[in-house]
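# Structural overview
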Amino acid sequence: MHKIYDLITSVERTLGILVDPEKMGFEEVSAFAKALSLNSSRIIKKFDVDQIVLLVGGSTMENVDFDKWTQHLRGSTKLPIILFPGSHKQVSSAADAILYLNLISGRNPDYLIGEQVAAAYKVQEARIEVIPTAYLLLDGKNESAVARVSNTTPMSQQDIDEVVKTALAGQFMGNKLIYLEAGSGAKQPVTDEIVKAVQQRVNTPTIVGGGLRTKQAIKSKFDAGARMVVVGTAIEENLSWLDI
Ligand SMILES: CC(C)=CCC/C(C)=C/CC/C(C)=C/CC/C(C)=C/COP(=O)(O)OP(=O)(O)O
Ligand SMILES: O=P(O)(O)OC[C@@H](O)CO
Ligand SMILES: [Mg+2]
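Residues numbered from 1 in each chain as written. Chains lettered and ligands numbered in written order. Predicted model: local features only at pLDDT ≥ 70, side-chain atom pairs only at ≥ 80, totals over all residues. Heavy atoms only, no water.

## Some thoughts on helix H8 (residues 192–201)
Selection criterion: Working definition: with a 1.4 Å probe on protein chains only, accessible area under 20% of the residue-type maximum means buried, over 50% means exposed, and in between means partly exposed. Put simply, DSSP marks the helices as runs of H or I at least four residues long and the strands as runs of E at least two long, and each gets a number from the N terminus on. This arc is taken over the directions from the axis of the helix to the C-beta atoms. Here a residue-residue contact requires only that any non-hydrogen atoms of the pair lie within 4.5 Å.
Looking only at H8, the buried set comprises Ile 194, Val 195, Ala 197 and Val 198. Projected down its long axis, H8 carries its buried residues within an arc of 165°, all on one side. Residues of H8 that are exposed and angled more than 90 degrees away from the buried face: Glu 193 and Gln 200. At its buried positions, H8 is contacted by helix H7 (160–172), strand S6 (177–181), strand S7 (206–209) and helix H9 (215–224).

Okay, structure coming up:
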């Protein structure tokens, strides 16, 4: 079962729209997803991408029935839904796939193997596609929720070799995607230089996210070689950012 992975790798530019159940109520997400579906060709044109997908997740997930929320989203759109879990609790059979994240920029065993073990049965029983993903948290120049929750130190964006070596190790360990993350709301997104340097050595498709707020910023990550670019905060703050 590689449907979603094939979908991502079959085109050059996928825009990932991150929706966080903690930040959108049932009503809101339903209206948002319907508007997205209706306007998807316009969004694709506007951002000059080949397709859009939805990512669902958050660093924290308090007071939300994650499964119910994801089912609700499923009922409102036919767009692909990919889980982007902050913990083993963020699993739902209503999604199409899950990024099975390994936080390899950090040295916290809970996020290298603990969460993955805790989620294993649940993911298998959900019968969704599993996409092993190396997750690298880079310094976005403000303390990110991921750094706080995972209790790990982001990698410096100055030490390009260390980032490239880590991404390459992620590939050799069998990961099918590399996610370069500057953190939600980053002041300094992942630089084009890092994306290019990773691209030169690593032939695993790369996702880039964190702090991207303009069409131009998104384009520059694709031009640097990203296969998917993820936007969350810009849309959360202003739902009309997408022009829908
Ligand atoms: C394999 C499974 C089921 C879980 C893996 C769990 C791991 C290793 C997670 C990596 C570390 C982590 C906490 C990632 C969070 C990823 C995520 C959903 C980010 C989006 O949330 P943000 O937008 O950064 O934060 P806020 O929710 O605070 O806005
Ligand atoms: O919220 P933003 O800054 O768009 O970041 C998206 C995502 O990469 C965070 O995990
Ligand atoms: Mg966020």
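## So, the layout of surface pockets
What counts, and what does not: The distinction between a cavity and a pocket rests on a 1 Å grid over the protein atoms alone: a 1.4 Å probe fits inside a cavity but cannot get out, while a pocket stays open yet meets protein on both sides within 12 Å along at least five of seven lines, and a residue with an atom within 4 Å of a point counts as lining. Grid points are joined across faces, edges and corners, and a volume is the space filled by probe spheres set on the points. Just so you know the grouping, Ala, Val, Leu, Ile, Met, Phe, Trp, Tyr, Cys and Pro go in nonpolar, Asp, Glu, Lys and Arg go in charged, and all remaining residues, Gly too, go in polar.
Taken as a whole, the largest pocket spans an internal volume of roughly 690 Å³. What lines the largest pocket is a set of 46 residues, and nearest its centre among them are Gly 58, Ser 59, Gly 86, Tyr 135 and Val 146. Residue assignment for the lining of the largest pocket shows that the elements contributing at least two residues are strand S4 (97–103), helix H5 (109–126), helix H6 (145–150), S6, strand S8 (228–231) and helix H10 (233–237). Considering each element in turn, the lining of the largest pocket owes the most residues, 6 residues, to S4. A per-class count over the lining of the largest pocket returns 21 nonpolar, 17 polar and 8 charged.

## Side note on the UniProt feature "binding site: sn-glycerol 1-phosphate" (unreviewed entry) in the protein
Rules: UniProt positions are given in the numbering used here, feature names are shortened, and annotations may be inferred rather than shown by experiment.
The UniProt record marks Tyr 179, Leu 180, Glu 181, Ala 182, Gly 183, Ser 184, Gly 185, Gly 210, Gly 211, Gly 232 and Thr 233 with the feature "binding site: sn-glycerol 1-phosphate" (unreviewed entry), using the residue numbering of this structure. If you take the residues mentioned a moment ago, the ones lining the largest pocket come down to Tyr 179, Glu 181, Ser 184, Gly 185, Gly 210, Gly 211, Gly 232 and Thr 233. Take Tyr 179: it is sitting in strand S6. The contacts of Tyr 179, once residues within four sequence positions are left out, are Phe 84, Leu 99, Thr 133, Ala 134, Tyr 135, Leu 136, Ile 207, Val 208, Gly 209 and Val 230. Contact partners of Glu 181, with chain neighbours within four places excluded, come to Phe 84, Tyr 135, Leu 136, Leu 137, Leu 138, Val 190, Gly 209 and Gly 210.

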